[in-house]
Structures are given as structure tokens and as C-alpha cells.
Amino acid sequence: MIKIKSPDLNLLESDHIKGLFTIVSNRLDKYLKVKQVILQKYSLREILVGDPETLSQIVDYLEGKLNSEDKLNLKKVFNYESFSRSRLYNAYSLAENLHVNVCPYCNRQYTFTINKTGNPKKTRPIFDHFYNKNTYPYLSLSLYNLIPCCNICNSSFKGSLDWQFFSHINPYDSGFGDECRFSLKINKGFGSDFYFGKTDAFEIKFTKTSNSKILNNIGDLALEQVYEGHKSVVSELIKKEIMYSDSYISNLYHQFEGTLFSSLSELKSIVYNSPISEEDLGNEALSKLRRDISEELGLNNY
Ligand SMILES: [Zn+2]
């Protein structure tokens, strides 16, 4: 789980309000009873662009005050399908503004947006509703409830599970950071095979954490299971550890310093294909795996 770091969230919020406020407000006018409940404590603006914590307060306040008919009406008001099909501000506009190029849930799949005017070949991330839209229809169009992610995380794993701010990590709010890192567990009897990068010699696990939100994300998104398929990345790092001795790295650095590399850390990040900073984790697939394991193997002692 990688924190979403979009270039300008203020601009994003203002575009979201400009694109949706009037449409939603007009629809809400058709359902005066439910409008009264919905807007009694929180404004439409707070519902549409309130931060993840505000959304959780809205849920706490509204759940119990709305019956099933109210929720059916709210589905028509906060109509995600209509937003995704709109010719004006729509899911493509939001995806383009967000620039989230790798799924923040799994950090495995690319989620680039391609949307050139006049070209029918388009793609964008799926938007997962952190608070699922059947149970919480009033958050169906809330910016910080729309998580750009890959199809596997959305359809195969998350689905309509009941995630809440107190139970799961919302990637607009935070990521696993250093609180939970990838780590290698060497299987019994495979000591020397591990040192030559044999994939059946080790397992990829997460470091122990008591953070229940992180544990719930790992379990629901099957992260340990899906990373079993990425052992070859780790195997390559282990082999590189053997191939690139300190003196070899040092020679490369002195040979190309100032031309190919501006620093030793840049050279090592290229050799080990491992990002230098936390900021870069969201730009490349598997970057957290590479960074955590490189650091565990001692490859990133810059
Ligand atoms: Zn994913």
C-alpha cells in the first residue's frame, strides 16, 4: 500500500467541486426529505471533497439515520455510473488529474491514464470505492473515497468488502511506509541456495506489525499471496548482490560520475532498480518490494 501523492490536491478538489457540485445539488433537490438528513450537519462540499477522516465522521453521523429507500434515492443522486459516462467532468478527468501510475493498493500493476481526444483507444485506473457504494451511496462521488487502482485489487479482492477509516488504510491518508516492510524468510535447509537466488529457497513476507489496519489491508488484498509471484525480482537482487562488489560499484561510479550518475545513490538505484526516496515509490511497479529487500540485503547503504 503506497500513499497517493498527487501533484496538487487543492486543484483536484476544486475541479471535483466545479464538475459535480451543481449536478448533485440539483438532483438532491428532487429528494427533499433525504436532502434534509444529508445536509443537516455536513455540507455537500464536505461530502464531495472532505478528507478521509471527515468521510468517516459523515458515515458515523448518517448511518442509522437513513432507511433503505433513502439509500436507493441517494444512489440516483450520487450516481457513479453517470459520472463515469459523462461527456464533461468524468472518471477520465479525475484519473488524468490524479496521475496515479501504479496501483496504490498492490504496487504491482500500472494504472496509466491514456485519453487522447479523437482516439477511441483509452484506458484509466478503475476507481474502487473505499466505502462501498451499495452501503454508503452518499460517498459514491466523494473524491477521497475514489481510489484509483488495478482491476485485480478492485474486482478479485476488494469487491464490496466493508472497509472503514478505522479498519483499513485509505491510501489518500497513508501507506504502509516503514511500519510494514517486505522481508525475506529463508526456508529451512536452503541456506546456500538462498545465497544464489534460488526462488524456492525463500518466501516473501511482511514484517510483523500490530497495526490492525495494515493487517486487514494485507489480508483482504491477498498481498502475501500475490507477491509469491514476484520472487524472481528478489532472486535478481540477490544475484546482483553477488555480482556487483563494492569495488566494482566504485569503479563504475568513478568512470561515469557527472555524466551518467550525479551521485553514488543514483548509480545504486539504477543497478538495483530500487527507488531512492519514498516519493518515488508510487511511480514504478514493485518499487516497495525492491526498496525494502535491497535495504534488507544491505544493497542501499549509500
Ligand atoms: Zn492493485
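Residues numbered from 1 in each chain as written. Predicted model: local features only at pLDDT ≥ 70, side-chain atom pairs only at ≥ 80, totals over all residues. Heavy atoms only, no water.

A look at the overall build of the protein chain
A tally of helices and strands in the protein chain yields 15 helices and four strands. Projected onto its principal axes, the C-alpha coordinates of the protein chain cover approximately 75 × 45 × 35 Å. The buried share among the 302 residues of the protein chain stands at 49%. By sequence separation, contacts in the protein chain at least 24 residues apart represent 70% of the contacts at least 6 residues apart. When the accessible surface of the protein chain is split by element, carbon and sulfur atoms take 49% of a total near 14900 Å². (Helix = DSSP H or I, 4+ residues; strand = E, 2+ residues; numbered from the N terminus. Buried < 20%, exposed > 50% of the residue type's maximum accessible area, 1.4 Å probe, protein only. Contact = heavy atoms within 4.5 Å. Areas by Shrake-Rupley, 256 points an atom, 1.4 Å probe, with all protein chains shown as cover.)

A look at the side chain of glutamate 13
Tracing the chain through its elements places glutamate 13 in helix α1 (residues 9–28). Of the side chains with opposite charge, arginine 45 lies nearest to the buried glutamate 13, which makes no salt bridge, at 4.5 Å. (Lys, Arg positive; Asp, Glu negative; His and termini not counted. Salt bridge = Lys/Arg side-chain N within 4 Å of Asp/Glu carboxyl O.)

Describing the coordination of the zinc ion
Donor atoms from the polypeptide that coordinate the zinc ion comprise Cys103 (SG), Cys106 (SG), Cys150 (SG) and Cys153 (SG), at 2.3 Å from the metal. The coordination sphere of the zinc ion comprises four donor atoms, whose angles at the metal cover 105 to 114°; the geometry is tetrahedral. Read N to C, the donor residues that coordinate the zinc ion are spaced as C-x2-C-x43-C-x2-C. Placement of cysteine 106 in the loop between α7 (91–98) and β1 (126–129) and of cysteine 150 in the loop between β2 (146–149) and α8 (151–158) is noted, with a sequence separation of 44 residues between them. (Donors = N, O, S within 2.8 Å, 3.2 Å for Na, K, Ca; no water. Tetrahedral: all angles 85-135°; square planar, octahedral: opposite > 155°, others 65-115°.)

Observations regarding helix α14 (residues 264–271)
For α14, the full list of buried residues reads Ser265, Leu267, Lys268, Ser269 and Val271. On the buried face of α14, the contacting elements are α12 (231–243) and α13 (246–256). Taken from the residues just after α14, asparagine 273 is the one with a positive phi, measuring 50°.

Concerning the packing of aromatic side chains
The full count for this structure, using the stated rule, is 15 aromatic pairs. Put simply, the rings of Tyr105, Phe130, Tyr131, Tyr136 and Trp163 touch in pairs and so form one group of aromatic residues. In this structure, lysine 122 packs its charged tip against the face of tyrosine 92, placed 5.4 Å from the ring centre. (Phe/Tyr/Trp six-rings, centres within 6.5 Å; stacked < 30°, edge-to-face > 60°. Lys NZ or Arg CZ within 6 Å of the ring centre and 35° of its normal.)

Description of the nonpolar core
Counting residues in hydrophobic clusters, the biggest one holds 86 residues, and the most contacted among them are Phe78, Tyr105 and Tyr138. For this core, the domains that each give at least three residues are domain 1 (9–158) and domain 2 (182–296). (Core = buried A, V, L, I, M, F, W, Y, C linked by side-chain atoms within 4.5 Å. Domains from an automatic or database assignment.)

Overview of the pattern of salt bridges
According to the stated counting rule, one finds 13 salt bridges in the structure shown. Close ionic contact of lysine 35 with aspartate 29 constitutes a salt bridge, the shortest N to O distance being 2.6 Å. Among the residues examined, aspartate 29 registers a relative accessible area of 37% and is labelled partly exposed. Here glutamate 228 makes a salt bridge to lysine 231, at a shortest N to O gap of 3.9 Å. Residues participating in the shared-partner salt-bridge network are Asp178, Arg181, Lys288, Arg291, Asp292 and Glu295.

Side note on the pairing of strand β4 (residues 202–206)
A large share of β4 lies buried, amounting to four of its five residues. Pairing of strand β3 (residues 182–186) with β4, which is carried by five bridges, proceeds in the antiparallel orientation. Note that in β4 the partner of leucine 184 across the bridge is isoleucine 204. (Pairing = 2+ DSSP bridges.)

Topic: the domain arrangement of the protein chain
Each assigned domain of the protein chain is listed here: domain 1 (9–158) and domain 2 (182–296). On a C-alpha basis, the centres of domain 1 and domain 2 stand 35 Å from each other. The partner domain 2 presents 15 residues to the nine residues of domain 1 that form the contact. For domain 1, the biggest contributors to the area lost against domain 2 are Asn107, Arg108 and Phe157; these three give 55% of the whole. Linking domain 1 with domain 2 are zero salt bridges. Taken together, the links from domain 1 to domain 2 amount to nine residue pairs in polar contact (both at pLDDT 80 or more). (Buried area = accessible area lost by both parts, 1.4 Å probe. Polar contact = N/O pair within 3.5 Å; in protein donor to acceptor, adjacent residues only side chain to side chain.)

Describing helix α15 (residues 287–296)
The buried fraction of α15 is high, at eight of 10 residues. For α15, the set of buried residues is Ser287, Lys288, Leu289, Arg290, Arg291, Asp292, Ile293 and Ser294. The elements touched by buried residues of α15 are β3, β4, α11 (223–227) and α12. Downstream of α15 by one or two residues, glycine 298 has phi in the positive range, about 80°.

Topic: the packing of α1 against α7
Viewed as axis vectors pointing N to C, α1 and α7 meet at an angle of 170°, and their least axial separation amounts to 10 Å. Considering their axes alone, α1 and α7 lie roughly antiparallel with respect to each other. Contacts between α1 and α7 involve Leu12, Asp15 and His16 on the former and, on the latter, Leu94, Asn97 and Leu98. Within the contact of α1 with α7, the residues separate by chemical class into three nonpolar, two polar and one charged. (Axes fitted to C-alpha atoms, helices over the stretch in contact; angles between N-to-C directions. Parallel < 35°, antiparallel > 145°, perpendicular 65-115°, else oblique. Nonpolar A, V, L, I, M, F, W, Y, C, P; charged D, E, K, R; others polar.)

Considering unusual backbone geometry
Its identity is not glycine, yet asparagine 107 carries a phi of approximately 60°, on the positive side. In the Ramachandran plot, leucine 286 falls in the positive-phi region, its phi being about 65° despite a non-glycine side chain.

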